[in-house]
Every structure is written in C-alpha cells, then in structure tokens.
Amino acid sequence: MHLYKVVVRETLLDFYGHLNNANYLVLLEEARWELITSKNYGVGTIKKLQKGPVILEVDLKFKKEIKARDIIEIQTSILEYDSMIGKMKQDMINQNGELCATATLVFGLFDLEKRKLIHPTEEWKKALDI
C-alpha cells in the first residue's frame, strides 16, 4: 500500500466550503503519480519508454465531507492485474481516521507509439509493487 498525505487547500473548495467533487479526482491522481514516481516510473521514464498508465474507469464514492485545511491520507492499493487490465483502490482518510471517499479504478499500461493497451512490463510491475 502506498500512502500520500495532503493538506486540502482553499483553492480546492466549492461554494459550500468543502472539497469540490472534481478535485477529489485531482488529489487521487496526485497520489497515483507519487506512487509511480517514487518507484522511478515518472514522466521522464514514460517519455523514454513511450509507455504509461491510462485510467479506463473510475467508481468514486463520497462518504464524509472534506473541508479546508483537513489533512487527508490517500491509501493506494493494487487489487488485481489480470492480463492487460488492473484494478486499484484508493481511500481518502481524514486526520480523525474516518473514511471520506473511496475510489475503485480500472487501469492499464498504454503504448504511446502503438496507441493501445499492452501487457504490463517488468518496469511497470516494479513501479506498482506487483
């Protein structure tokens, strides 16, 4: 499991004073980039190998309000990776240990030259700890 902590800034809020729904996806993406970048599969590697992650589906459930200056921990876990398609879970936990949102994502590895999904490479598996 990969852990990513973030302070929710005021610029991410909506009119109601809580985290805007679209910004949940922004923070979840930040956590995914931190995961792969920490395993040496960042933008430079993607450009070099011409192979990078692609999200195919997102199921996001909002459980508890997130407000300005809340400290959120995003927990990212790979659930499965069969053939070319993987599934991961990301939970957003507040500083009180409460589940605020949970997302299940379907993803794959995309060949930027061939413009299609491919089987996970060894470098990609290493980046995901699978």
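Fair warning: this is a prediction, and the values are worked out from it, not measured in the lab.

**Q** Quick rundown of the layout of surface pockets? Include the residues and the values.
**A** In this model, the largest pocket occupies a volume close to 190 Å³. Lining of the largest pocket is provided by Glu29, Arg32, Trp33, Leu35, Ile36, Pro53, Val54, Ile55, Met88, Phe107, Trp124 and Leu128. For the lining of the largest pocket, the secondary-structure elements that each account for two or more residues are α1 (21-38), β2 (51-62) and α3 (122-128). Element by element, the count of residues in the lining of the largest pocket is highest for α1, at 5 residues.

**Q** Quick rundown of the pattern of salt bridges? Include the residues and the values.
**A** Enumeration over the complete set of coordinates arrives at 6 salt bridges. With a shortest N-O distance of 2.7 Å, Lys39 and Asp129 are connected by a salt bridge. In this pair, Lys39 sits in the loop between α1 and α2 (43-49) while Asp129 sits in the segment after α3, placing the two residues 90 residues apart along the sequence. Exposure remark for Asp129: the relative accessible area of 56% places this residue in the exposed category. One salt bridge in this structure joins Asp111 and Lys51, with 4.0 Å as the shortest N-O distance. Remark: Lys51 occurs in strand β2 and Asp111 occurs in strand β5 (residues 99-111); sequence separation between them is 60 residues. Lys51 sits in the partly exposed class, given a relative accessible area of 21%.

Scoring rules and cut-offs
Sequence positions are assigned chain by chain, starting from 1 and proceeding in written order. Where local features are concerned, this predicted model is filtered to residues with pLDDT of at least 70; where side-chain atom pairs are given and counted, the filter is 80 or more; whole-chain, interface and lining totals use all residues. Only hydrogens and water are set aside; all other atoms, that is, all heavy atoms of the structure, feed into the side-chain values. For each structure, a 1 Å grid was placed over the protein atoms alone; sets of points admitting a 1.4 Å probe that cannot get out are labelled cavities, open sets with protein on both sides within 12 Å along at least five of seven lines are labelled pockets, and lining residues have an atom within 4 Å of a point. Grid points are joined across faces, edges and corners, and a volume is the space filled by probe spheres set on the points. Put simply, DSSP H or I for four residues or longer makes a helix, DSSP E for two residues or longer makes a strand, and each gets a number counted from the N terminus. When a carboxyl oxygen of Asp or Glu lies within 4 Å of a side-chain nitrogen of Lys or Arg, that pair is called a salt bridge. In this scheme, a residue with accessible area under 20% of its type's maximum is buried, one over 50% is exposed, and one in between is partly exposed, where area comes from a 1.4 Å probe on protein chains only.

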